[in-house]
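# Summary of the model geometry
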Protein chains: 2
Amino acid sequence: MALNSATAIAHPNIAFIKYWGNSDDGLRLPVNSSISMNLDGLSAKTSVEWDDDLTADEFTLNNEIQSGDSLHRVSRHLDVLRGRLGRQSKAKVASENNFPTGAGIASSAAAFAALTAAGVAAAGKILSERELSTIARLGSGSAARSIPAGFVEWYAADSHEDSYAQSLFPPDHWNLVDVVAVINKGHKAVGSSAGHPSAQSSPLQNARVAGAEERVTRVRGAIQERNFNELATFVELDSNLMHAVMMTSQPPLFYWEPASLKIMSLIREWRAEGLNVCYTLDAGANVHCICVRSDAPIVSSRLNSLSEVLTTLSANVGGGAHVLP
Amino acid sequence: MALNSATAIAHPNIAFIKYWGNSDDGLRLPVNSSISMNLDGLSAKTSVEWDDDLTADEFTLNNEIQSGDSLHRVSRHLDVLRGRLGRQSKAKVASENNFPTGAGIASSAAAFAALTAAGVAAAGKILSERELSTIARLGSGSAARSIPAGFVEWYAADSHEDSYAQSLFPPDHWNLVDVVAVINKGHKAVGSSAGHPSAQSSPLQNARVAGAEERVTRVRGAIQERNFNELATFVELDSNLMHAVMMTSQPPLFYWEPASLKIMSLIREWRAEGLNVCYTLDAGANVHCICVRSDAPIVSSRLNSLSEVLTTLSANVGGGAHVLP
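Thresholds, definitions, all that
Residues numbered from 1 in each chain as written. Chains lettered and ligands numbered in written order. Predicted model: local features only at pLDDT ≥ 70, side-chain atom pairs only at ≥ 80, totals over all residues. Heavy atoms only, no water. Domains from an automatic or database assignment. Buried area = accessible area lost by both parts, 1.4 Å probe. Salt bridge = Lys/Arg side-chain N within 4 Å of Asp/Glu carboxyl O. Polar contact = N/O pair within 3.5 Å; in protein donor to acceptor, adjacent residues only side chain to side chain. Helix = DSSP H or I, 4+ residues; strand = E, 2+ residues; numbered from the N terminus. Contact = heavy atoms within 4.5 Å. Nonpolar A, V, L, I, M, F, W, Y, C, P; charged D, E, K, R; others polar. Pairing = 2+ DSSP bridges. Axes fitted to C-alpha atoms, helices over the stretch in contact; angles between N-to-C directions. Core = buried A, V, L, I, M, F, W, Y, C linked by side-chain atoms within 4.5 Å. Buried < 20%, exposed > 50% of the residue type's maximum accessible area, 1.4 Å probe, protein only. Least-squares fit on C-alpha atoms with pLDDT ≥ 70 in both. Parallel < 35°, antiparallel > 145°, perpendicular 65-115°, else oblique. Left-handed = near helix turned anticlockwise from the far one by under 90°.

## Considerations on the domain arrangement of chain A
Residues and elements named next belong to chain A. Each domain of chain A was delimited in the assignment, giving domain 1 (5–172) and domain 2 (175–316). The C-alpha-based centres of domain 1 and domain 2 are spaced at 23 Å. Carbon and sulfur atoms supply 66% of the area buried between domain 1 and domain 2, which totals about 3,300 Å² over both sides. Its largest share of buried area at the contact with domain 2, domain 1 owes to F16, K18 and W20, together 26% of the area lost on that side. Where domain 1 meets domain 2, there are 2 salt bridges. Between E153 and R220 there is a salt bridge; the shortest N-O distance is 2.8 Å. On inspection of domain 1 and its partner domain 2, the count reaches 11 residue pairs in polar contact (both at pLDDT 80 or more). When residues of the side of domain 1 that touches domain 2 are traced back to their parent elements, those giving at least two are β2 (13–17), β5 (34–38), β10 (151–154) and β11 (165–169). Among the elements that take part in the side of domain 1 that touches domain 2, β2 stands out by supplying 5 residues, more than any other.

## What to know about the interface of chain B and chain A
Listed as interface residues are 20 residues of chain B and, on the opposing side, 20 residues of chain A. For the pair chain B and chain A, the summed buried area comes to about 1,900 Å², and 81% of that belongs to carbon and sulfur atoms. When the buried area of chain B at its contact with chain A is split by residue, B:L204, B:F254 and B:L261 rank highest and sum to 28% of it. Counting across the chain B and chain A interface gives 0 salt bridges. Summed over the shared surface of chain B and chain A, the number is 2 residue pairs in polar contact (both at pLDDT 80 or more). At the level of secondary structure, the elements contributing two or more residues to the side of chain B that touches chain A comprise α5 (205–210), α7 (228–247) and α8 (258–273) of chain B. Of the residues assigned to the side of chain B that touches chain A, the class counts are 13 nonpolar, 3 polar and 4 charged.

## Re the sheet that holds strand β13 (residues 277–280) of chain B
Residues and elements named next belong to chain B. Spatial ordering of the open sheet is given by β13-β14-β12-β15, a layout of 4 strands whose pairing is antiparallel. Looking along the sheet, the strands with just one partner apiece sit at the ends: β13 and β15 (311–316). With direction set aside, neighbouring strand axes in the sheet form an average angle of 25°. Of the pairings in the sheet, the one linking strand β12 (residues 176–182) to β15 comprises 6 bridges and is antiparallel in character.

## Observations concerning the nonpolar core
Note that soluble globular proteins tend to have their nonpolar side chains buried in a common cluster. A:F16, A:L176, A:L231, B:F16, B:L176 and B:L231 are the most contacted members of the largest nonpolar core, which totals 90 residues. The residues contacting A:F16, other than those within four sequence positions of it, are A:I35, A:S36, A:M37, A:F151, A:L176, A:V219, A:I223, A:L231, A:F234, A:V235, A:D238 and A:I290. Among the nonpolar cores identified, the runner-up in size contains 54 residues, and A:I263, A:M264, A:L281 and B:L266 belong to it.

## Quick notes on the environment of A:S159
All names here are of chain A. By secondary structure assignment, the location of S159 is in the loop between β10 and β11. Spatially, the C-alpha atoms of S159 and L176 are 33 Å apart, while their sequence positions differ by 17 residues. A distance of 3.0 Å separates a polar atom in the side chain of S159 from a polar atom in the side chain of D162.

## Here we look at the relation of the copies chain B and chain A
Mapping one chain copy onto the other needs a rotation about an axis and a shift along that axis. For the pair chain B and chain A, the best superposition has an RMSD of 0.0 Å and corresponds to a rotation of 180° with a translation of 0.0 Å parallel to the axis. Considering both components of the superposition, the chain copies are consistent with a two-fold axis. Residue B:P258, judged by its C-alpha, is the member of chain B lying nearest the rotation axis, at 2.0 Å. Counting the interface residues of chain B, we find that 100% of their copies in chain A are interface residues as well, pointing to one common contact surface.

## Topic: the side chain of B:T116
Residues and elements named next belong to chain B. Mapping T116 onto the fold places it in helix α2 (residues 107–122). Look at T116 and you get buried, because its relative accessible area is 0%. Here T116 is in contact with H77, L81, L132, I135 and A136, once residues within four sequence places are set aside.

## Some details on the sheet that holds strand β16 (residues 322–323) of chain A
The strands making up a sheet associate through hydrogen bonds between their backbones, and the pairing can be parallel or antiparallel. Residues and elements named next belong to chain A. Overall, mixed pairing links the 6 strands, which are arranged β8-β7-β9-β6-β1-β16 in an open sheet. Sheet topology places β8 (64–65) and β16 at the edges, where each strand pairs with a single neighbour. Pairing between strand β6 (residues 44–51) and strand β9 (residues 90–97): 8 bridges, direction antiparallel. When the sheet's bridge partners are listed, A44 is paired in β9 with N97. Across the face of the sheet, helix α1 (residues 68–85) comes into contact with β6, β7 (58–61) and β9 while running at roughly 125° to β9. Along the sheet face, helix α2 (residues 107–122) touches β1 (5–10), β6, β9 and β16 and points at about 35° away from the line of β6.

## Description of the packing of α2(B) against helix α3 (residues 129–139) of chain B
Residues and elements named next belong to chain B. Two elements in contact, α2 and α3, have axes whose closest approach is 8 Å; the angle formed by their N-to-C orientations is 125°. Judged by the angle between their axes, α2 and α3 are oblique. Read as a crossing pair, α2 and α3 show a hand that is right-handed. Where α2 abuts α3, its residues F112, A113, T116 and V120 lie against L132, I135, A136 and G139. Residue composition of the contact of α2 with α3, by class: 6 nonpolar, 2 polar and no charged.

## A closer look at the side chain of B:S34
All names here are of chain B. As for its position among the elements, S34 is in strand β5 (residues 34–38). Residue S34 is classed as buried on the basis of its relative accessible area, which comes to 0%. A polar contact of 2.8 Å, which involves the side chain of S34, links it to the side chain of R145. If near-sequence neighbours (up to four positions away) are discounted, S34 is found in contact with I17, K18, Y19, R145, V152, E153, W154 and V216.

Here's what the structure looks like:
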């Protein structure tokens, strides 16, 4: 590796208790705490090289040179890093995702977690995991959760310093698998960053937020005790609550597609039959089917037999963001 | 007609502002006021004959002799009528619907409105429309709205006498059409009567109810001014709010099917293209597409071209419950 450069890998995460709506859009301070698991196998790999000779930041994503909004968002995050690291130089950023971008798998979470970790390492600095998490949050809220390992809680707070994520349990605490039913590889109509400010326009958002801490407590406890039925009840409820808010915002945001609804219904049936599986959907149409590892093959096989499912991706519980040697 | 007998016709209605949840389940006092239009062409036709020689009530629906829950519910409503009319005799009830039962078209609303009107007339009594509406409400909440004509408001209230529906505008006030996309003729999994008590188990119900009077005011005004865009905004929002409550109840109630979601999305697209059409769904999968009469043929034609649509039913604004001469 060249001097002033580093490469980091981070995983996307799937939220069991969702993040939707900010108390401060600029700082991406969430209105409620959330819980997620990192997704092993799926990853963003990002290299940053600080270069005094550059006159502007450069960004390639999956080997395509980026411009416009995509470049601008990365450049703004590099500004944050420059401020924290005391650097003036511009940077070359190269990132690769091994999973479809913008289709309900939180690509921006992995991207900004990896960008943060790589940018800091490339400057030769070591920051605490907590601070890395807060910085990643400024790029994409849920990126805060892709910094620590395993099962993660991200704290709602009134200040930048206090809204960070930390690991609740390591990846090997519970053998859960996220089998993602991919039904739409297209870029979603409204990205999360654009959606968050609309949350408060739903008459249901305050009620969703009011119960979030209770749901966080229940899900944290369910993970601790490896109680799948308890987990399933609150994970599905929380997903439904977030989409209820989205669909009743003005204008309404519908991320569910007909196939999403069909799969949600099947998942409930399969659980009633005895499979340990539940669903959750982020701001996209793909259905994340959370299951115990022993049930993952049958869940995956059944999903792949559906004509609406383009493919499935299976991910174990993943580690945290890390810099490559 | 034999002495002590009468036949009445009543139309189902489609709610623009929904009824979901009671402040008193026994009296079916709703937690919020609602607004609907009656559906001309679709009807329940019910004959009641009070007969001193009968030892038990008899009920045939679409020429099939009923027993069990179906008979029991009619018999309980006959008890209410006997109490009000001061009669002891049992009754023969024969009812016919000209539309599919229990699939998101409020068959029970038309049925209990017609039963009430026929039962009272068969006893030779004349009651006020207001009182007929309160009595019909005891059989099926939304039946209160099928007594008056045209566009109707049903008032939430703390007492039996005060929770009745009345006409806001006659049928010819505005040429709206409900084009019902029938995607499922089967009986729904959970009927409305069983669903109402679950409303309060959703963390979103209080928020839905808190905004209902405002939405009633907006929809009443939109009908008065024949302002379709305003109507569409609040009709779709209110439908989404009710289904949000249903889907977040414990256990969750999902009435939407994949085809429902697909049609909802299409309706929003068609409106964006300039058609005056919006959607609303009751406790069932069928999609009620409310449109102005000039757009009804194209809406109907487009819906019928969808493979998921079994058939469409088109209804103009209907009159109130009435006794046949």
